[in-house]
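# Structure assessment
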Amino acid sequence: MARRALITGITGQDGSYLAEHLLEQGYEVWGLARGQANPRVSRMRKLLSDVQVVRGDLLDQGSLISAVERVQPDEVYNLGAISFVPMSWEQAELTAEVTGMGVLRMLEAIRVCSGVSRGSGSSGQIRFYQASSSEMFGQVSETPQTERTAFHPRSPYGVAKAYGHFLTQNYRESYGMFAVSGILFNHESPRRGAEFVTRKVSLGVARIKLGLATELRLGNLEARRDWGFAGDYVKAMHLMLQAANPEDYVIGTGRMKSVRELVEAAFSAAGLDWERYVVTDQTLHRPAEVDLLCADPKKARAQLGWETSVSFDELVAMMVESDLRLLSDGADPDEDSWP
């Protein structure tokens, strides 16, 4: 009998790549969605026709219990979140409810449906993956960042993710649940939302190349991130739930690039000189900036056998080429972000 997985955030970048990977592994895949009429669900089904949908909402405890009872999953991947960091200042309360409290509600749904009591152990229970984030490190105390690095989040998003991370750890220690967190550093793809800086850059380059724009406005060009390919990172999520013991892992490339280097690579992929088109805009800076994030993924490599397969330059070129095709076909990047 095929193993069964339930994914929250199925319509997002990570959810789509994870669903594809699990289907290739022979899983029966279910996606949690707030409503069957959701247009993002319709687009997801065009790409992932074998995924089944169950209704549920991270804001509604009862709906999560019903979803888990219906699906009876072997594994739950909680990827659902208000994930655009700048928006978390504008919608801090919603971010806390979905990105933070949503983790509690899903853990409770699993605990209730599994009949887990304190200290009862994890044998035969639903395995739970929580999507933690490098944004929890924030104002970093050391570089690179490991599983033991202290958190100092610098946004409501980072704070909410830290809450979910510690809660996952708490349920693992209090109830013996197989509950793990993947502390994923920035991971991108052509399916990334148009509001994220990597996609903003690839779309901006494509628009300029096609004569649809004359400039690209960006904030802090000196911020440095550890960028990888989302398709590689979802494989680490799956590997964490196949391990003998529940542990948390840092997932990243271990290599930093600045936003400036991202811009240079993107314009170079299109045969353009970035300095002719990029305008820095102070209004696009974060209220509290995170200047430096770099993973130390040695534990994941040693214990999970996880490795990246796509380099930074290959990733950027992939995104630019995809957006050139998308815009050339007359598609709306805000609506058609799944090529």
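Now for a look at the structure at hand. (Residues numbered from 1 in each chain as written. Predicted model: local features only at pLDDT ≥ 70, side-chain atom pairs only at ≥ 80, totals over all residues. Heavy atoms only, no water.)

### Comments concerning the overall build of the protein chain
Within the protein chain, the secondary structure is distributed over 11 helices and 13 strands. By residue count, 55% of the 339 residues in the protein chain fall in the buried class. Long-range contacts, defined here as pairs at least 24 residues apart, represent 78% of the contacts in the protein chain between residues at least 6 apart. With an accessible surface of roughly 14400 Å², the protein chain has 45% of that area assigned to carbon and sulfur atoms. (Helix = DSSP H or I, 4+ residues; strand = E, 2+ residues; numbered from the N terminus. Buried < 20%, exposed > 50% of the residue type's maximum accessible area, 1.4 Å probe, protein only. Contact = heavy atoms within 4.5 Å. Areas by Shrake-Rupley, 256 points an atom, 1.4 Å probe, with all protein chains shown as cover.)

### As for the packing of aromatic side chains
Taken as a whole and judged by the stated rule, the model has 9 aromatic pairs. Over the ring of Tyr17 we find Arg191; its NZ or CZ atom is 4.0 Å from the centre of that ring. Above the face of the Tyr249 ring, Lys299 is positioned so that its terminal group lies 4.7 Å from the ring centre. (Phe/Tyr/Trp six-rings, centres within 6.5 Å; stacked < 30°, edge-to-face > 60°. Lys NZ or Arg CZ within 6 Å of the ring centre and 35° of its normal.)

### Digging into the pattern of salt bridges
The full count for this structure, using the stated rule, is 15 salt bridges. Arg301 is paired through a salt bridge with Glu307; the nearest N and O atoms lie 3.7 Å apart. Taking relative accessible area as the criterion, Arg301 reaches 31% and is therefore assigned partly exposed. (Salt bridge = Lys/Arg side-chain N within 4 Å of Asp/Glu carboxyl O.)

### What to know about unusual backbone geometry
In this model, Thr143 is joined to Pro144 through a cis peptide bond whose omega is 0 degrees. Mapped onto the elements of the fold, Pro144 is located in the loop between strand 5 (127-133) and helix 6 (156-175).

### Looking at the nonpolar core
Counting residues in each nonpolar core, the largest one holds 35 residues, and the members touching the most others are Ile7, Tyr77, Tyr129 and Ile251. Of all elements in the fold, only strand 1 (4-8), helix 1 (13-24), strand 5, strand 6 (179-184), helix 8 (230-240), strand 11 (249-251), helix 10 (298-304) and helix 11 (312-328) reach the threshold of two or more residues within this core. Ranked by residues supplied to this core, first place goes to helix 8 with 6 residues. Core analysis: the next-biggest nonpolar cluster, separate from the first, contains 26 residues, Val205, Ile208, Val263 and Ala266 among them. (Core = buried A, V, L, I, M, F, W, Y, C linked by side-chain atoms within 4.5 Å.)

### So, the side chain of Ser63
Inspection of the secondary structure puts Ser63 in helix 3 (residues 61-71). When near neighbours in sequence (up to four residues on either side) are disregarded, Ser63 contacts Arg55, Gly56 and Asp57.

### Let's talk about the sheet that holds strand 1
Spatial strand order, 3-2-1-4-5-6-11: 7 strands in an open sheet with parallel pairing. What marks the edges here is a single partner per strand, and that holds for strand 3 (52-55) and strand 11. The sheet shows a mean angle of 25 degrees between the axes of neighbouring strands, taken without regard to direction. As paired elements, strand 2 (residues 28-33) and strand 3 share 4 bridges and run parallel to each other. (Pairing = 2+ DSSP bridges. Axes fitted to C-alpha atoms, helices over the stretch in contact; angles between N-to-C directions.)

### Side note on helix 1
Since there are 3.6 residues in each turn of an α-helix, residues three or four apart along the chain are aligned in direction. With 12 residues, helix 1 should reach 16 Å at 1.5 Å per residue; the first-to-last C-alpha distance of 17 Å fits that figure. The set of residues buried in helix 1 consists of Gln13, Asp14, Gly15, Ser16, Tyr17, Leu18, Ala19, His21 and Leu22. In this structure, the buried residues of helix 1 make contact with strand 1, strand 2, strand 4 (75-78), strand 7 (187-188), strand 10 (228-229) and helix 8. Residue Gly26 follows helix 1 closely and has a positive phi angle near 90 degrees. (Expected span 1.5 Å × (residues − 1).)

### Examining the environment of Met106
Of note, Met106 is situated in helix 5 (residues 92-114). The contacts of Met106, once residues within four sequence positions are left out, are Thr8, Leu58, Leu64, Val68, Val76 and Phe128.

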